[in-house]
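The primary structure of each chain is shown beneath.
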Amino acid sequence: MSHFNRQAGKRLTRSLVAAAVGTCLAGIVMAQSTSGSVVGSAKAGTVVTISNDSGFSRTVTVDASGRFSVAQLPIGDYKVEAKGLGSRKVTVTVGSAAGVSFENTLETVTVSGTKLMIDTSSTDVRTVITAKELSRLPLVQSAQAIALLTPGANAGAASYFGGLTSFGGAGVSENAYYVNGYFSGEPLSNLGQFELPYGAIAQQETYTGGYGAKYGRSAGGVISQVGKAGTNKWVYGGQFSLTPAGTRAKAKDSFYPKLALPGDYEYEDKELPGTLYRRNSQNRSESASLSAYVGGPVIQDKLFIFAALEGSSTDSLSVPVNGTAYSTRSSSRDPKAYLKLNWNVSNDHLLEYTYLGERYSSEGTRNAYNFATGVEGAVLSTVPTPVYKNSGYNILKYTGYLTDDLTLSATYGNSRFTNKQVNPSVLPGVPYLSGVTSQNPAIVGSTPIPNIQGAYQGHDGRDNTNGLRADLEWRLNSAHTLSAGIDNIKFVAKNEGDAQVAEYWQYARLGKSGNIDANLGVGNPYSPTNPNGYYVRQLKYFNSTDMSLEQKAWYVEDRWNLSRNFLLSMGLRNDQFTNKNNVGEAYMNAKNQWAPRLGATWDVMGDASLKAFGNAGRYFLALPNNVAIRGASASTYTWQYFTYTGIAANGMPTGLTSVPGIGGAPAPGAVSGNSEYGTPVDVQGFSPKDLKNMYQDEFILGFEKAVSKGWTAGAKFTYRSLKSSVDDFCDRASLAAQAGLTHVKDVAGRHIYKTSDGKQYYVSGCYMFNPGGSNTYSFEQVGGGERLTKKISAAQLGFTEGLKRDYSSIDLFLERNFNNDWGLRVDYTYSKLKGNNEGQVKSEFGQDNISKTQDWDAWQMMEYANGYLFNDRRHQIKVRGSYQFAQDWMITGNARILSGTPVSCLGYYNPDGKIDEGSAAGDPISYGAAYHTCLGKISRPGDVRTPWTYRIDLGLQFRPKALDDKLAVTLNVFNMLNQQRVTQYDVTSETGPYTISNTFMRPMSRQSARSMTLNVSYDY
């Protein structure tokens, strides 16, 4: 933050420091960075010493042009002393340059701490939130909540993925996460991250684009947390936070929708529309957290420690939906530990060690629940599946100032994860039931037999990572700063996936006489003894496996000061990704993926009052380990269909008769839409050798302007275009036809085809491919021999529209920096996200099979899919601020006004109402209601949207000066207006041909009801 004692000379000082930033800055570090820089101006030959309160100092000599710079400085407060000219104080923030001038007698100028002077050295786009800001703002204590303060950041699917954030139109799995410079994302699917204890966060950076060649592996945003470190001063403190159940407003109850249906369609259960689905108003939740920290010198000026512990807990009551006979009371515990050691080996060599640990657990009980009366009964013997997730990180960083102009930094890290979800109360011989409201009323009357089984799946996975990055930075002269480095990490997963531990039966009814699934040969359940089409199907599902992923990269970069006011950053990154399955076979080995980066910034007036900037870059994204599950490794996923004449007391169907085949043919037995019968996977066939990884091109133009003292404004235009994506394709008949193959027979779950000369080859159920591109497919010859290879384009497979995902946005902002009185930030984003490919996940119904969603599985799936994508949000207005209205009192606020998001409608393939939904043409891939046609009409994404939402969070803080600001008592009110508008609907329209799901268009999530949180903190 800039402080000026006199107006005279103000512009001169700003110009001097701006010039220093423009000509002296060594490479600005980003994304995985944990450091910043100091730059400045003074008389040539002056000796400048930069020191902090941790005994660290660096001494440099001002060059012939009157400039100096020191890069790779740990964040924090520094004293900058020029021999014979005095001293200044600056604050170094992560990824930024703090500037200071000794060319007159004016006071300190800090580039990164103020918006009076704009950081003209950075070409990236980021939002940095410091610990001081976190102590003021009314925020839910999470990294995602902090990230949502970023302009254009969009809350992802409210019902799935744990509330992750979408940046710049990307899917929620396309972000990158770091803590103290090491990757901290969830290692299997990259859905989520390890988060520091809230009180240990020094700063959180959220990058939304424009970062240089040093960093990659993100097509969305980057969330980077930097933890606190010890100094020569001993500090300690703690915080208690409580959100009582009694302060939460009641959520709205949920009812089955009652829609007007076209003539050929009827509800699965005609009695349910308009009736109660769930008493959300009975749900309860109370959460609390307790944290403590201590930091200081172990050896004065040499060795420092900072340690923090945090324990959070949530106790909740969740009542069931109609058809479930128990309520659930659960308790989650989430202790975290953070340890940071800093060793100043010398002024030229620094070592840092970080330990991070977390042991999350969730356990609970079940009570009998009478849905008709809403009354809980006795505790049951079954329990919800316990969840135990443990993680630990070790991170070691070295920084060496080899000369005044040459800096080496290296970070090594490893991590371990366990995820165990095994239910101890699985009842032997008792099935797990779903669809119980569709049980035949002729058997059960008006009281369906509910599910009483505890669980049907178990999970016990283990993951490890090992990573190393090294960066060498050389300030060649005042014009050029050269950087080069490597960035490597390996992921290893063991026993990831799910295994079935109990029988699973789903009850259903076909609303109109016809075939259940003609494509898989499942015929008509109707008969004289079953005149209303009731049936049941049994699931078999096993997919646990091992896998690994290795990511390697190297880069070179030149930051070139073309003039005192113009900086050009040119870089080139080379990424290599190798994915292997459970037997060590590589199914993706992408080399020499070249990612050019170009950025520029122009200090228009020469005094850092107006900055114009732009950048362009290509960003590659690897396939996470998750792809091996139900893809590169063997898996079982089958359904078998029956009619029944009775239901046992535990819900097991009795009197089973297999549903016949088409036209009365023999029953097909267990069927699988993707040919997942547990047979070994032909890896060469599964993944074409010329498969390309996902990558995206990005272009940004913007400006920032200091409009008056303390105020800045700016605008930015962003365009992103997805150029390559990876998904699976499961229409083997179309693929075989283009390869010149005809079907012969199926043996043991494998499909045998032949060429015109009689040679026989296996055709798999699914293949990885590049939508919109061409790939070379390989087919294994039956009995061994030379493989058959064919290059086939996506257009040949029926995809008439290529891959599309284009995002464009305009961001506007106005900010007044907080200056011990009040502060305000207003952001407005106008954006459009159009195309036919959300990314690696499918948010409409929470499909997290990374790069193996149901999209692109057959050309019919993508007909009419081109529209506004799930994460499209046309308008976003974000306002946050703080007002110190009395000596000890402050009021804070955080408001969001958001337009709605697209609502899809997925049904059988029947675009004009003339296709028989019970025929193979009505469900060509055997996925049921999964196509972009709905109730006999085309339904493009974005034709319907969720409503606008408004949310206001307010905080009132008491911090008495009499206690030196050490004690703070804060009351936060979230969603003060208690608006509970719908944020996501159930968009699957049918459970069978012409059979409307009773939950179609049911609100799956709403805005969280109003709640209050009390925080008490003490910092000594």
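The paragraphs below set out a description of the structure included in this document. Position numbers for residues start from 1 in each chain and track the written sequence from start to end. Selection of residues for local features in this predicted model requires a pLDDT of at least 70, selection of side-chain atom pairs for listing and counting requires 80 or more, and totals for whole chains, interfaces and linings are taken over all residues. Heavy atoms throughout the structure, all of them, feed into the side-chain values; hydrogens and water do not.

## Concerning the state of the cysteines
- By disulfide we mean two sulfur atoms from cysteines, separated by a distance within 2.5 Å. Following the criterion strictly, the structure yields two disulfides and no others.
- In this model Cys905 forms its disulfide with Cys934; the gap between the sulfur atoms is 1.7 Å. Remark: Cys934 occurs in strand S55 (residues 933-934) and Cys905 occurs in the loop between strand S54 (902-903) and S55; sequence separation between them is 29 residues. For the pair formed by Cys905 and Cys934, the shared burial category is buried.
- Shown here for the chain is a disulfide pattern of 1-2, 3-4, where each number marks a bonded cysteine counted in sequence order. In this description a helix means any DSSP run of H or I spanning at least four residues, a strand means any run of E spanning at least two, and both kinds are numbered starting from the N terminus. Here's how the labels work: a residue is buried when its accessible area is under 20% of the maximum for its type, exposed when over 50%, partly exposed in between, all with a 1.4 Å probe on protein chains only.

## Observations regarding the side chain of Ser687
- Secondary-structure assignment places Ser687 in the loop between helix H5 (683-686) and strand S40 (694-708).
- Of the residues examined, Ser687 reaches a relative accessible area of 6% and is grouped as buried.
- The residues contacting Ser687, other than those within four sequence positions of it, are Tyr587, Met588 and Met768. Contact criterion: two residues are considered in contact whenever any of their non-hydrogen atoms come within 4.5 Å of each other.

## A word on the pattern of salt bridges
- Think of a salt bridge as a Lys or Arg side-chain nitrogen and an Asp or Glu carboxyl oxygen that are within 4 Å of each other. On inspection of all chains with the given rule, the structure shows 35 salt bridges.
- Notably, a salt bridge pairs Lys842 with Asp855, separated by 3.0 Å at the nearest N-O pair. Of this pair, Lys842 sits in the loop between strand S50 (822-835) and helix H7 (859-862) while Asp855 sits in the loop between S50 and H7, placing them 13 residues apart in sequence.
- Classification of Asp855 by relative accessible area gives buried; the value is 9%.
- Each member of the salt-bridge network shares a partner with another, and the members are Arg217, Arg469, Asp471, Asp487, Arg573 and Asp575.

## Looking at the sheet that holds strand S13 (residues 201-209)
- Strand pairing follows a simple DSSP-based rule, namely that at least 2 bridges must link the two strands. Pairing is mixed in the open sheet, where five strands are placed in the order S8-S13-S14-S11-S12. The open sheet is flanked by strand S8 (125-130) and strand S12 (182-183), the only strands paired with a single partner.
- The pairing of S8 with S13 spans six bridges and is antiparallel. Counterpart to Val125 in the pairing with S13 is Gly209.

## Description of the sheet that holds strand S6 (residues 86-92)
- With respect to topology, four strands assemble into an open sheet ordered S3-S2-S5-S6, the strand pairing being antiparallel. With partners counted over all chains shown, the strands left at the sheet margins are strand S3 (57-61) and S6, one partner each. Pairwise comparison of adjacent strand axes, ignoring direction, gives a mean angle of 20° for this sheet.
- Sheet topology places strand S2 (residues 47-52) next to strand S5 (residues 76-82); five bridges connect them, and they run antiparallel. Its bridge partner being in S5, Thr49 is matched across the sheet by Glu81. To get an axis, a line is fitted to the C-alpha atoms, and for a helix only the part in contact is used. The angle between two axes follows their N-to-C directions and goes from 0 to 180 degrees.

## Structural notes on a nonpolar patch on the surface
- Two joining distances apply to patches: 9 Å for like charges and 5 Å for nonpolar side chains (Val, Leu, Ile, Met, Phe, Trp, Tyr), and every residue must have over 30% relative accessible area and no salt bridge. Shrake-Rupley sampling with a 1.4 Å probe provides the accessible areas, and residues are treated as covered by the protein chains on show and by no other component. Taken together, Phe240, Leu290, Trp822, Tyr883, Phe885, Trp889, Ile891, Leu956, Leu971, Leu1014 and Val1016 make up a surface patch of nonpolar side chains, about 940 Å² in accessible area.
- Taken together, the elements giving at least two residues each to the nonpolar patch come down to strand S52 (875-886), strand S53 (889-898) and strand S64 (1011-1019).
- Along the chain, Trp822 turns up in strand S50.

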